[in-house]
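Spelled out, the chains give:
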Amino acid sequence: MTTQEIPVTAFSDQRPGTAGLRKKVALMQQPHYLANFVQSIFDCAPELRGNTLIIGGDGRYWNRDAITTCVQMAAANGISRVLIGQGGLLSTPAASNLIRQRGAAGGLVLTASHNPAGPDGDFGIKYNIAGGGQAPEALTERIFETSKALTRYRIDPDVQVDLDRVGTSQQGTLAIEVIDSVDDYAAQMATLFDFERIRAWLRQGHRVRFDALHAVTGPYARRILVEQLGAAESDIVNAEPLEDFGGGHPDPNLIYAADLVAAMNGPDAADLGAASDGDGDRNMILGPGVFVSPGDSLAMLADNLHLCPGYADGVVGIARSMPTCRAADHVARRRGIAIHETPTGWKFFCNLLDAGHITVCGEESFGTGSTHVREKDGLWAVLAWANILAASGRSLPEIATAHWQRCGRHYFQRHDYEGLPAETADGIVEDLRARLPTLVGQTLGGLGVTAADDFAYTDPIDGSRATGQGLRVVMGDAARIVLRKSGTGTDGATLRLYLEHWRQDALDLDPAAALAPLAAVADTLIDLRQRTGRAKPDVVT
Ligand code: VG1
Ligand code: CO
């Protein structure tokens, strides 16, 4: 074993975004680029020395090579044990769970989530701290500062790892343990949900159709849904993880999971349809002929989660990211529990989860999760829905309709304008920001503006403050228009326009039609089409 100190000219562009560092593969593969970032993490996380580090990724192109580099650097940086998912695979929630269950000091999660993979696609890496949550902003900023000034990194090129063989090997001072990627995660799910009841429900002829989009959740879905719960193998589709995700876009939404949507709208629809993303933390939920928007799914789960054994004591509080529709707020009000509104990104939920202020949380971007880990969790949401359907004896459309009748329906859409020149995106945001103070009191599309601000958040636990988290124009409880710049893209800038309109009088509208008037208001207000030169958004979800 020979530790080498490799001199390096630091990189200036390694600032982590909403969830870690994401770059084009070619950029990540530049000599020393990944190592520069990993060394910066190790320098900022001295608690890793003499401790355990979890390593795994979503299986995308370059995953294995990157993991080998991470292991060789872990050896050279005094880490005493690494636990790696077999084949280099760990879903993001499974990695978070392992950090917690195995008492690790942290974890490296190699993923660019829903971004496309392959030599021309994206690669990403994020650091999760002890407790399983994503590194908080103060730490990611420290890592960024370190990465800009790094002069050397440490690596032991003699360390070798066979990612495919489960087992332990000792190399120098480092113990390398390759573990089954699914075991720990599946065991935890069995403690939260009533597997016996779900099995019985499936035996009665009910069906769950799951689309893994050729990403990391395939093996998890096979083990849990098919082997443990008895779902039909043929209902688990695209379950083979591929390095390029089959050339697709592993983002579970109405656009990129079109096959699942078609199946769920067809004559042979399953009782529950779901898909997950590249790294397994997102979920899309469908019933026969019904799409449950992520904001609605959060609200309905929060309202019914007590039917699952792991949550029998009920939900103590709910959190949602600011752009997420306010359906969960109704549930919280009715149940007399707290509702928290946080900036976009899962890291903002972690303190609330740690402090026991909330039980569930979610984002409009197809993310839902709970106290069980410190990441959003795609399969968790699928199992929660399956458990709720099995235990309630009601169908998904019945649950959704009952919710809307009780709380009204929050029609919601997100319009993405992708790959914009940074100046264009910034100019649009700046212009709206400047006009915010003049909007309050105005009537837009028949709705009075009650608040217009740039969202800022003070963490109630540690007092840390996050500013500039998205512009919102609020029309009371009725509607909201939100504009923010994405922090996960790798190609220019992406603007996200979020539209929410709450209706109590019309529960069965097509969301696009229901939101058309608000979209027209947003168009006049921000003039996105004119200013971006795009006739329409690139993606609507
Ligand atoms: C997007 C979503 C955000 C999510 C983040 C990471 O961020 O909007 O809600 O937490 O992706 O999800 P942004 O900054 O691009 O809007 V994942 O599944 O890509 O790790
Ligand atoms: Co993801």
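All values reported here derive from a predicted model rather than from experimental measurement.

J.: I'm lost on the coordination of the cobalt ion (ligand 2) in this one. Help?
T.: For a metal bound by four donors in a tetrahedral arrangement, the ideal donor-metal-donor angle is 109.5 degrees, while six donors in an octahedral arrangement ideally sit at 90 or 180 degrees. Protein coordination of the cobalt ion (ligand 2) is provided by Ser113 (OG), Asp277 (OD), Asp279 (OD) and Asp281 (OD), with donor distances spanning 2.0 to 2.1 Å. Taken in chain order, the donor set of the cobalt ion (ligand 2) reads S-x163-D-x1-D-x1-D. The burial state of Asp279 is the same as that of Asp281; both residues are buried.

J.: What's the story with the packing of aromatic side chains in this structure? I'm lost.
T.: Given two aromatic rings, one states the distance between the centres and the angle between the planes to describe the pair. In this structure the tally under the stated criterion is 10 aromatic pairs. Taking 6.2 Å as the distance between ring centres and 35° as the angle between the ring planes, the aromatic pair formed by Phe291 and Phe366 counts as tilted. You can see Phe291 sitting in strand β14 (residues 290-292) and its partner Phe366 sitting in the loop between β17 (360-363) and β18 (367-370), a full 75 residues away along the chain. Plain terms: the ring middles of Tyr311 and Trp380 are 6.1 Å apart, the flat faces sit at 80° to each other, and that makes the pair edge-to-face. A residue pair is termed long-range when its members are at least 10 positions apart, and Tyr311 in the loop between α10 (294-304) and β15 (317-321) and Trp380 in helix α13 (residues 378-392) qualify at 69 residues. In this pair, the class of Tyr311 matches that of Trp380, namely buried. In this structure an aromatic cluster arises from ring pairing among Phe193, Tyr311 and Trp380.

J.: What am I meant to see in unusual backbone geometry here?
T.: Note on backbone geometry: most residues besides glycine have negative phi, and most peptide bonds are trans. A positive phi is found at Asn238, a non-glycine position, where the angle reads about 50°. If you trace the backbone, Asn238 turns up in the loop between β11 (236-237) and α9 (258-265). Although it is not a glycine, Asp527 sits at a positive phi angle of roughly 60°. In this fold, Asp527 is placed in the loop between α16 (511-526) and α17 (528-532).

J.: Explain the environment of Gly246 here, please?
T.: Along the polypeptide, Gly246 turns up in the loop between β11 and α9. Look at Gly246 and you get partly exposed, because its relative accessible area is 48%. A sequence separation of 168 residues divides Gly246 from Gly78, and the C-alpha atoms of the two residues are 38 Å apart.

J.: Please clarify how the site of ligand 1 should be interpreted in this entry.
T.: If you check the shell around ligand 1, you find 20 residues, and the closest are Thr18, Ser365, Gly487, Thr488 and Arg496. Here Ser113 contributes a side-chain N or O atom positioned 2.6 Å from an oxygen atom of ligand 1. Here the shell around ligand 1 is built from residues that sort into one nonpolar, nine polar and 10 charged.

J.: I keep staring at helix α5 (residues 137-149) and nothing clicks. Help me out?
T.: Since the α-helix advances by 3.6 residues per turn, residues separated by three or four positions end up pointing in the same direction. Under the 1.5 Å per step criterion, the end-to-end length of α5 is 19 Å for 13 residues, consistent within 8% with the ideal 18 Å. Every buried residue of α5 is accounted for by Leu139, Thr140, Ile143, Phe144 and Ser147. The arc enclosing the buried residues of α5, seen along the axis, measures out at 145°, which places them on a common side. Exposed residues on α5 whose side chains face more than 90 degrees from its buried face are Ala138 and Ala149.

J.: Sorry if this is basic, but what is going on with the sheet that holds strand β16 (residues 338-342) here?
T.: Across a sheet, paired strands are connected by hydrogen bonds in the backbone, their directions being either parallel or antiparallel. On the basis of which strands lie adjacent, the open sheet formed by four strands has the order β16-β15-β17-β18 and mixed pairing. Each edge of the open sheet is held by one strand with a lone partner, namely β16 and β18. Averaged over all pairs of adjacent strands, the angle between strand axes in this sheet comes to 15°, irrespective of strand direction. Examined bridge by bridge, β15 and β16 share five bridges and lie parallel to one another. The residue bridging Ile318 from the neighbouring strand is Ile339, located in β16.

J.: It is not clear to me how the side chain of Asp377 should be interpreted in this structure. Could you clarify?
T.: Tracing the chain through its elements places Asp377 in the loop between β18 and α13. For the buried Asp377, no salt bridge exists, and the shortest N-O distance to an oppositely charged side chain is 10.0 Å, to Arg100. Within polar-contact distance, the side chain of Asp377 engages the side chain of Tyr185 at 2.6 Å. Look past the residues within four positions of Asp377 in its chain and what remains in contact with it is Pro93, Tyr185, Met189, Gly280, Asp281, Thr368, Gly369 and His372.

J.: When you look at the pattern of salt bridges in this model, what are you seeing that I'm missing?
T.: Where side chains of opposite charge bring their charged atoms close, a pairing between them can arise. Using the criterion set out here, one finds 46 salt bridges in the structure. Residues Asp162 and Arg165 are paired through a salt bridge, measuring 3.6 Å at the closest nitrogen-oxygen approach. The salt bridge partner of Asp416 is Arg414, with a shortest N-O separation of 3.0 Å. Taking the relative accessible area as the measure of exposure, Asp416 reaches 3% and is therefore buried. According to the relative accessible area criterion, Arg414 is buried, its value standing at 9%. One network of salt bridges, with partners in common, ties together Arg320, Arg326, Asp329, Glu341, Asp453, Arg472, Arg480 and Glu500.

J.: I keep staring at the domain arrangement of the protein and nothing clicks. Help me out?
T.: The parts lose accessible area when they come together, and the size of an interface is often stated as this lost area. One can read the domain layout of the protein as domain 1 (4-181), domain 2 (184-407) and domain 3 (409-540). Placing a centre on the C-alpha atoms of domain 2 and another on those of domain 3 gives a separation of 26 Å. Taken together, the contact between domain 2 and domain 3 spans 24 residues of the former and 28 residues of the latter. Of all residues in domain 2, Met322, Arg326 and Trp404 give up the largest surface area on contact with domain 3, accounting jointly for 29% of the area buried on that side.

Conventions adopted
Residues numbered from 1 in each chain as written. Chains lettered and ligands numbered in written order. Predicted model: local features only at pLDDT ≥ 70, side-chain atom pairs only at ≥ 80, totals over all residues. Heavy atoms only, no water. Donors = N, O, S within 2.8 Å, 3.2 Å for Na, K, Ca; no water. Buried < 20%, exposed > 50% of the residue type's maximum accessible area, 1.4 Å probe, protein only. Phe/Tyr/Trp six-rings, centres within 6.5 Å; stacked < 30°, edge-to-face > 60°. Helix = DSSP H or I, 4+ residues; strand = E, 2+ residues; numbered from the N terminus. Near = heavy atom within 4 Å. Polar contact = N/O pair within 3.5 Å; in protein donor to acceptor, adjacent residues only side chain to side chain. Nonpolar A, V, L, I, M, F, W, Y, C, P; charged D, E, K, R; others polar. Expected span 1.5 Å × (residues − 1). Arc of directions from axis to C-beta. Pairing = 2+ DSSP bridges. Axes fitted to C-alpha atoms, helices over the stretch in contact; angles between N-to-C directions. Lys, Arg positive; Asp, Glu negative; His and termini not counted. Salt bridge = Lys/Arg side-chain N within 4 Å of Asp/Glu carboxyl O. Contact = heavy atoms within 4.5 Å. Domains from an automatic or database assignment. Buried area = accessible area lost by both parts, 1.4 Å probe.

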